[in-house]
4 protein chains.
Amino acid sequence: MTALFAKVLDDAPLLDLFRQTRQRSLSMIEGLEPEDMAVQSMEDASPTKWHLAHTSWFFEEFVLRPCDPAYSSPDERFAFLFNSYYVQAGPRYTRAQRGLVTRPTICDVLAYRAQVDEAVERLVERGAAPADIVELGCHHEMQHQELMLTDLLHVLSHNPLRPAYRKPEPLEVRDTGDLSWLVFEGGILPVGHGEETFAYDCETPRHDQLIRPFEIANRCVTNREWIAFIEDGGYAHAPLWLMDGFATVQREGWRAPAYWWQEDGQWMQFSLRGAQPVDPDAPVSHVSYYEADAYARWAGARLPSEFEWEIASGRVEDGNFHETGRLRPSAAQPGNTMLQMWGDVWEWTASAFLPYPGFQTAEGAVGEYNGKFMVNQFVLRGGSCFTPAAQMRRTYRNFFYPHHRWQMTGLRLARDA
Amino acid sequence: MTALFAKVLDDAPLLDLFRQTRQRSLSMIEGLEPEDMAVQSMEDASPTKWHLAHTSWFFEEFVLRPCDPAYSSPDERFAFLFNSYYVQAGPRYTRAQRGLVTRPTICDVLAYRAQVDEAVERLVERGAAPADIVELGCHHEMQHQELMLTDLLHVLSHNPLRPAYRKPEPLEVRDTGDLSWLVFEGGILPVGHGEETFAYDCETPRHDQLIRPFEIANRCVTNREWIAFIEDGGYAHAPLWLMDGFATVQREGWRAPAYWWQEDGQWMQFSLRGAQPVDPDAPVSHVSYYEADAYARWAGARLPSEFEWEIASGRVEDGNFHETGRLRPSAAQPGNTMLQMWGDVWEWTASAFLPYPGFQTAEGAVGEYNGKFMVNQFVLRGGSCFTPAAQMRRTYRNFFYPHHRWQMTGLRLARDA
Amino acid sequence: MTALFAKVLDDAPLLDLFRQTRQRSLSMIEGLEPEDMAVQSMEDASPTKWHLAHTSWFFEEFVLRPCDPAYSSPDERFAFLFNSYYVQAGPRYTRAQRGLVTRPTICDVLAYRAQVDEAVERLVERGAAPADIVELGCHHEMQHQELMLTDLLHVLSHNPLRPAYRKPEPLEVRDTGDLSWLVFEGGILPVGHGEETFAYDCETPRHDQLIRPFEIANRCVTNREWIAFIEDGGYAHAPLWLMDGFATVQREGWRAPAYWWQEDGQWMQFSLRGAQPVDPDAPVSHVSYYEADAYARWAGARLPSEFEWEIASGRVEDGNFHETGRLRPSAAQPGNTMLQMWGDVWEWTASAFLPYPGFQTAEGAVGEYNGKFMVNQFVLRGGSCFTPAAQMRRTYRNFFYPHHRWQMTGLRLARDA
Amino acid sequence: MTALFAKVLDDAPLLDLFRQTRQRSLSMIEGLEPEDMAVQSMEDASPTKWHLAHTSWFFEEFVLRPCDPAYSSPDERFAFLFNSYYVQAGPRYTRAQRGLVTRPTICDVLAYRAQVDEAVERLVERGAAPADIVELGCHHEMQHQELMLTDLLHVLSHNPLRPAYRKPEPLEVRDTGDLSWLVFEGGILPVGHGEETFAYDCETPRHDQLIRPFEIANRCVTNREWIAFIEDGGYAHAPLWLMDGFATVQREGWRAPAYWWQEDGQWMQFSLRGAQPVDPDAPVSHVSYYEADAYARWAGARLPSEFEWEIASGRVEDGNFHETGRLRPSAAQPGNTMLQMWGDVWEWTASAFLPYPGFQTAEGAVGEYNGKFMVNQFVLRGGSCFTPAAQMRRTYRNFFYPHHRWQMTGLRLARDA
Ligand SMILES: [Fe+3]
Ligand SMILES: [Fe+3]
Ligand SMILES: [Fe+3]
Ligand SMILES: [Fe+3]
């Protein structure tokens, strides 16, 4: 294991991080039924039960097996079931059929978690745990916590009864005001992660980028603005679209963001709080890169590059992250500063997910974490209302395929200065 | 509602039939976990939970709604979720996505069942129930009981842990002896259902068929015989196969019956009692029509027509039905009479599932029960070890597509006399 | 080679048959461009050029190779290219890619034909040819002549310029009158081929069938009647349809027969004579079994069984066969006799294509001619305006899958007497 | 029309360019049969006949219609048939079915070309032609000339007879020597097109890039080196691959470059000169981006960025372009300078095809030329043995999807200095 995933925490805060992270996964499934946690609604998504088991397997595989000779797995076959994509960690069960494995049940999985928790905690307590990998495992679990919510939303959205994951309380109404532009001068500027704190390999090395002067919007594109795009025929006007994007629109019959429908002329949206009217001031969410790109062209702007976003972002601040419990993006306060950079919605950038200059993958299975995805995807920045705050950084690079819409994805406009 | 589904039972035995049938469904799910009952492993199959709900909806839709003005459904939307294919009973949820509907949970479904049970029982008790439809509902539920087992087997077969539905006790070993042939003279003979007892519309009208002299095997084809077919290269020798059959063999990579694999030279089979060695004397099961047809050609014989089978069958007798609890086909006693006609495995016939001369469908949604399936399928006879004995008749016509293998399907040979 | 394909002709008439048949193929391609003859519009269809080569290969493979030691093929690889489906005659080129083989060109193929013709003629002249196989080869070629037309129509139908194969002359207008019913008494009646003349193996053995009294329509269903079905919402009313049929209608978006469209309220049809208004009195054509079956149900009737059709048919008579040159079905004269039995359109029957009692396939590759297709298809009777008259017989069994529409297929109604 | 496609030529040289370009297309089809030019072997490819017509339509649509009031098309429907993807130029015929349109024939298309040629020439002669668009049309036609060859190779490769487009003369054998590395210092360097000469919009604006020191190989990866990769198990070793790449390898069964197979231990390759042994010293061709990327990882190197390539490239020099008539990539002379930059094979770069800073599309349909493809594709540089020399530039950006292999695509290695 190389130092690409930097060790940063002493044992005591590490133990705190581990316990908090593991506990949050459990608190997230309160109110869910075994059925909710068992099914898989598409190949891209996974059952909640699988997420809970896979994140435990990660600690078992990369922490306990190498470092705890006394550890024995409750079932050696779990490695086959709960390895996601680490080819070098052995064969895996077919991804598309994770929803067909009914045993171990959620009860078995929770017992598995408890056993892993105890073993890892003891290992950390006696100073025998590889702190960098434990920390990686916690950040890994935070990623899966976000996926648990997006995947659960996708499952529930197939249910004509429209069940709500959490009490369907509406968001506070707020007028977000007109969009304004902030100017950045550019120059040769450093980007990427260069500190001692935790970051993923794909955020490194820190390096210089030549940035041209640019302007960037103070807030995300709102639902109100998106509805104007719809009403202007945006989804039907081919010249606004990348060719692959328009082909997708036509093949899939897209006419609005995912989870939207119309009832008596009112746009509705399915969310983890059930069916609710679309909030015009909240940022649009569940749009693909193709839609974000077409919208920007319609608006006479473009998406920011990931480096423009990073330079504009400043330090991580409070935001509508998972911790707010809102579970939906919410309207920005009016204001002429960089708003909504943190939380609410992931923001599509114009940057393909490619390696930074000098990027090296780690040796072994952990090296597969990010490197092998560096094709066909686009970078998103800033986290969402599904993201645990602790995992967010200015340099964090999320990535999805341009047709993906089941994530909490929105956009912010930019333009040449 | 016409009399095509004949009323035969007075209220008291009807109530018994209803209670026994409904109770059996419940006893069948003992030991199953909510996860087992929630998932759908392919479009042809349905979740256990759905079967339990759908069979209740059937009584609600065809008995309670028309005859019990006081009845109110726990949720009007259940009709949308649990209608299977009755176009005339209203719109339905997409069949292929039954596994995505996590709510109502199994607990909710059991409560729904209890409410329907009570309402139907009260209706029957006060003589207000349409007895023919209640009886139809019971037979309908027996069909679904069989499907619950076949669909569950399919679900569990995807689990690399190979969980057993019931304790994995092996079958008694028994030497079934060589196959012998019984001769039938033929003539102009009546077939189809003509009595006052219950039967499905597709078994009527009773009518004459011109039957040529034929011979039929005393028992089903065994696993030992099937292994000889495999070892003779049967699956690779195109001239033995119907063209659509061989194309399916190649596309699907079939090399043996469904649920078979080899371990150290020994053929193994996944069953509701877990993984077990293939019993050479037991009838082969989980073979498609294509395979049955190819085997018969290889053996210098043919499949019987459904009428030959019916004529050879005599009265329904005891057999290895669901009630034996074996859950697997078992070897026939040696003997020179018609053996294994009842239970063990459904027997593919050479007859396409087509209407009998003069067949009429009932008015309304119940008329969709069988008639609309009369294309592209083949008739099977005799019931299997998954079939409740009470629903079997000499004239019972089961039907599946020629590529289907997830049912408990085998074959018996015939030839011209 | 068994005698299943009976030898019936002496050498002199055989030579005539051979020459006429081979010549007709050539006359059929007059006016076609090399491009028209090269492309393949779907897997079910083949390029004209391929038909011309394959029918020559048939004589090469089954006549010249076994019987003419002096014969040498222009290219040994033609056997690979031009074998259709005879597994026992060696490997074949992928059916779906016949349109990708641009060489040999049409010129090369015509040279190949000429060489085969000369060799076969010499063989017949000196009495060394297997007359039954030569005759089979001629009937085989007649089948392909019909396919050449249906496949060509399919190719041309993709061209927005709507080119006509032959001069677009409209049909004579004729009022066909109301449908009337003819009654047949039934009984135990012989069906199937039992004479010394040529027939395919699947038409044998001649055998008895128990036929119930029935009525059958004097003529085929007309386009006028079909438009009434459309206008009554027939394509949208599920209870009229077999389930597989309605699923096909919805998946394919069928709203009318193949090759139909509407222009200013007028139904138009693409034909080998180009785009023409639908003739209301002509028999409907290019409908699938599913549509034929649904129409019959809508009309309160049913399709005849193949045996009812055969019994009603009497001797082959003149009809609108290929020889009339009309290339489109034409309206029947009014009259109360069995009209339009021969030519015009193939008539779907209610009979699955299955073996007759006692059916045996021939040894060797020729035995694959019909036997291996005996599943999933339905029998059609009577020939069409694309069928050479010489190949028609009362017992001739054509067969297609129930979703097929690119053939010249129509229907006639029947009902129980 | 904006000036994005710069006018650079006076009328006289423009006329020369037009005549030479149009004439080359004709000379390229010498020896081809109508069948060769009619078929379409996959959706990505088009028939030769279509290319010939489409390039004529381009002049008709963008030059003759706007500028020559006297011009009338031979058939107004050609615009529907021969528009490729210009949404703003009107509706188009389905791309995947171009091979089904047999009329107009190749003769008709050649007549269409002649009419367009005459009209354009007259327009240029009298100074009434928009010179920038005529020049664009010539470059457009050169692109299609290259596609005609790649698409023809794909068609012929499906023919088991392996016909050769040109006489199968083998290439001169030459020992290319070991790979050596050339060092570049980097800096802030200008890239992109900034001259008055012709270039596509996507090559502009010229702008600065921050380039780090890098090394780049003196020549392309050879077939000998590629065989070493194969023999080292490269195609089976997942850690070498991007995840999407390895999934493609497994789904498609890739084991070697496209058009390769083994005969008695010797690697063979299908080419426009027929089947020939793989030349070990020639650059590997017909590899996808996925394969190029995996190879580079295996070799401990990486692909160059498109800017590194551009900086290393110097001026366009003679190379193995279409004009050499070799029609196959050929071995580089040994030497320690940048070899094989021009011609032979297109070289995959590590750069996603994205807009340059400040990129603007032209108004109208011509603006669709490149902009709408800026997603999911990678940039290739340098031209190939199929590329007309006249269209090559140091800044030329070709682009294909990462799974594409039917183009003449290879690679050159780079690494950090
Ligand atoms: Fe993971
Ligand atoms: Fe049912
Ligand atoms: Fe044939
Ligand atoms: Fe073009």
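For chain A, an unreviewed UniProt entry supplies the name Ergothioneine biosynthesis protein EgtB and the organism Notoacmeibacter marinus. Word for word, the UniProt comment on chain A under Pathway (unreviewed entry) is "Amino-acid biosynthesis; ergothioneine biosynthesis."

Let us look at the pattern of salt bridges. In a structure, side chains of opposite charge can pair up when their charged atoms sit close to one another. By the definition in use, this model includes 112 salt bridges over all chains. In this structure, the salt-bridge partner of Arg 19 of chain D is Glu 125 of chain D, at a minimum N-O distance of 3.2 Å. With Arg 19 of chain D in helix α1 (residues 11-28) and Glu 125 of chain D in helix α5 (residues 106-125), this residue pair connects regions lying 106 residues apart in the sequence. Here Arg 19 of chain D falls in the partly exposed class, since its relative accessible area comes to 36%. The residue Asp 416 of chain D makes a salt bridge to Arg 302 of chain D at a minimum N-O spacing of 2.9 Å. Of the two residues, Asp 416 of chain D sits in strand β12 (residues 414-416) while Arg 302 of chain D sits in the loop between α9 (289-298) and α10 (306-313), which places them 114 residues apart along the sequence. For Asp 416 of chain D, a relative accessible area of 41% puts it in the partly exposed group. Three or more residues are tied together by salt bridges with common partners; here these are Arg 22, Arg 113, Asp 117 and Glu 141 of chain A.

Residues and elements named next belong to chain D. Coordination of the iron ion (ligand 4) by the protein involves His 54 (NE2), His 140 (NE2) and His 144 (NE2), with metal-donor separations of 2.1 to 2.2 Å. Motif for the iron ion (ligand 4), donor spacing along one chain: H-x85-H-x3-H. Placement of His 54 in helix α3 (residues 48-67) and of His 140 in helix α6 (residues 131-157) is noted, with a sequence separation of 86 residues between them. Taken individually, His 54 and His 140 each receive the classification buried, so the pair is uniform in this respect.

Moving on to the UniProt feature "domain: Sulfatase-modifying factor enzyme-like" (unreviewed entry) in chain A. Per the UniProt entry, the sites bearing "domain: Sulfatase-modifying factor enzyme-like" (unreviewed entry) are residues 181-321 and 324-415 of chain A in this numbering. Between the C-alpha atoms that bound residues 181-321 of chain A the distance is 24 Å, and the span itself is 26% helix and 23% strand.

Turning to the relation of the copies chain A and chain B, a few remarks are in order. Placing chain A over chain B gives an RMSD of 0.0 Å and needs a rotation angle of 180 degrees, together with 0.0 Å of translation along the axis. Here the transformation between the copies is reduced to the relation of a two-fold axis. Closest approach to the rotation axis among the C-alpha atoms of chain A is made by Glu 35 of chain A, whose C-alpha sits 2.8 Å away. In this assembly the copies share their binding face: 100% of the residues contributing to the interface of chain A also contribute to that of chain B.

Bringing the relation of the copies chain A and chain D into the picture now. Note on the chain copies: they are related by a rotation about an axis and a translation along it. Rotating chain A by 180 degrees about the axis while translating it 0.0 Å along that axis superimposes it on chain D, leaving an RMSD of 0.0 Å. Comparing interface residues between copies, 100% of those in chain A also lie at the interface in chain D; the contact surface is shared.

Further remarks concern the interface of chain A and chain B. Contacts between the two partners involve 32 residues from chain A and, on the opposite side, 32 residues from chain B. Buried area between chain A and chain B, both sides added, is near 2,600 Å², and the carbon and sulfur share of it is 63%. For the chain A face of the interface with chain B, the top three residues by lost area are Glu 35, Arg 103 and Leu 161 of chain A, together amounting to 28%. Applying the counting criterion to the chain A and chain B interface returns 2 salt bridges. Across the salt bridge formed by Asp 36 of chain A and Arg 103 of chain B, the nearest N and O atoms sit 2.7 Å from each other. Where chain A meets chain B, there are 10 residue pairs in polar contact (both at pLDDT 80 or more).

The rules behind these values
Residues numbered from 1 in each chain as written. Chains lettered and ligands numbered in written order. Predicted model: local features only at pLDDT ≥ 70, side-chain atom pairs only at ≥ 80, totals over all residues. Heavy atoms only, no water. UniProt positions renumbered as here; feature names shortened; annotations may be inferred. Salt bridge = Lys/Arg side-chain N within 4 Å of Asp/Glu carboxyl O. Helix = DSSP H or I, 4+ residues; strand = E, 2+ residues; numbered from the N terminus. Buried < 20%, exposed > 50% of the residue type's maximum accessible area, 1.4 Å probe, protein only. Donors = N, O, S within 2.8 Å, 3.2 Å for Na, K, Ca; no water. Least-squares fit on C-alpha atoms with pLDDT ≥ 70 in both. Contact = heavy atoms within 4.5 Å. Buried area = accessible area lost by both parts, 1.4 Å probe. Polar contact = N/O pair within 3.5 Å; in protein donor to acceptor, adjacent residues only side chain to side chain.

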